Amino acid sequence: GMAAEGEQPGSGEPDPEEFVYGEEDFVLQAAGWEAEPDSALSRFDRALLDSWTDRMERGFFRYRLGPLPTRVLPGPMRLVAQLNVQRSTERRPPQLVNSLRQPFDTRAFNFTRLRRGEVLLRLRGAGSAAPDPLLVAINASPLERGHVLLLPEPARLLPQALTAPALRGALEAAFLSAHPGFRVGFNGLGGRASVNHLHFHGFYLPRPLLVEAAPAQPLCRGLSLLRSVPAPAFLLYAAGAAALPALCQDLCRAAEHLTGAGLAYNVFATRGKAPEGGGAGSG
């Protein structure tokens, strides 16, 4: 069930919407790029985009996001370039990162300081083995339409380091979308993370990306290597939400190994083709 969005008495700010989902809400096959991407939005997409647009109209963002000049750059990478000047001029300055294992600092900006109206949804899986609840909040300096922060229990004050339960919640959110351009990302410390408080990004980029169908070189079960993309990357693939717990464990082990080696990392999740040979193991 889902509670209707209401106003907190006396605050003048809307309350987040309770969004309870079950396995029946997971979208295994998103709409194709040949269709109009907005033609088959899921319950999750509509709840996110409707509340996001509502907050834009109420003035919760640092700037109004109009249509962004967008082009695909020439060359084999087919990079999608967008001009978003205000994202550069209006966003909060990134926090200084001195260590890949930097502890949480209560004095620095963190997501417990968000206004009530900045939180759109509280995502909660219905099953007993569901991941921790996830708050979906606006990114006040948006990159794109529907740009949100996915916040795994911000009151726990966890630093920006991957955990398997948090990653699973974020990737389940990706499976709740029926839009082929809904992407989820994680910026690690030293890898462009600007706030040292556990969070993921979600946004709608209505363009196909090279990584969705790039050839992958199998390394071992469930793990491949992408070379013909802007930066070499490991690829883990999940055929459906049931494969996520194992994939998240594998990905967090890899992230811990990279951190131990002094290497910053990022995670990017998108709909995409299975690598050659499939294998257990989101893109």
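Residues numbered from 1 in each chain as written. Predicted model: local features only at pLDDT ≥ 70, side-chain atom pairs only at ≥ 80, totals over all residues. Heavy atoms only, no water.

Looking up the protein in an unreviewed UniProt entry gives the name GDPP1 phosphorylase, with the organism given as Probosciger aterrimus.

A. Region of the structure containing the environment of threonine 53. The topology assignment puts threonine 53 in helix α1 (residues 43-58). Expressed as a C-alpha distance, the spacing of threonine 53 and asparagine 266, which sit 213 residues apart in the sequence, is 28 Å. (Helix = DSSP H or I, 4+ residues; strand = E, 2+ residues; numbered from the N terminus.)

B. Quick look at the environment of glycine 117. The topology assignment puts glycine 117 in the loop between α2 (85-90) and β4 (119-125). Between the C-alpha atoms of glycine 117 and glycine 12, which are 105 residues apart in sequence, the distance is 8.7 Å. Ignoring any residue separated from it by four or fewer positions in sequence, one finds glycine 117 in contact with Glu13, Pro14, Arg55 and Phe60. (Contact = heavy atoms within 4.5 Å.)

C. Molecular detail of the sheet that holds strand β8 (residues 200-204). Sheet architecture is open: 7 strands sit in the order β1-β4-β5-β6-β8-β7-β12, paired in mixed fashion. Strand pairing shows two members of the sheet lacking a second neighbour, β1 (17-21) and β12 (266-269), which therefore form its edges. Adjacent strand axes in the sheet meet at a mean angle of 25 degrees when their direction is disregarded. Relative to β8, strand β6 (residues 148-152) runs antiparallel, the two sharing 3 bridges. Bridge assignment links leucine 150 to a residue of β8, and that residue is phenylalanine 200. Its contacts with the sheet place α1 against β1, β4, β5 (134-138), β6, β7 (182-187) and β8, and it is angled at close to 160 degrees to β4. (Pairing = 2+ DSSP bridges. Axes fitted to C-alpha atoms, helices over the stretch in contact; angles between N-to-C directions.)

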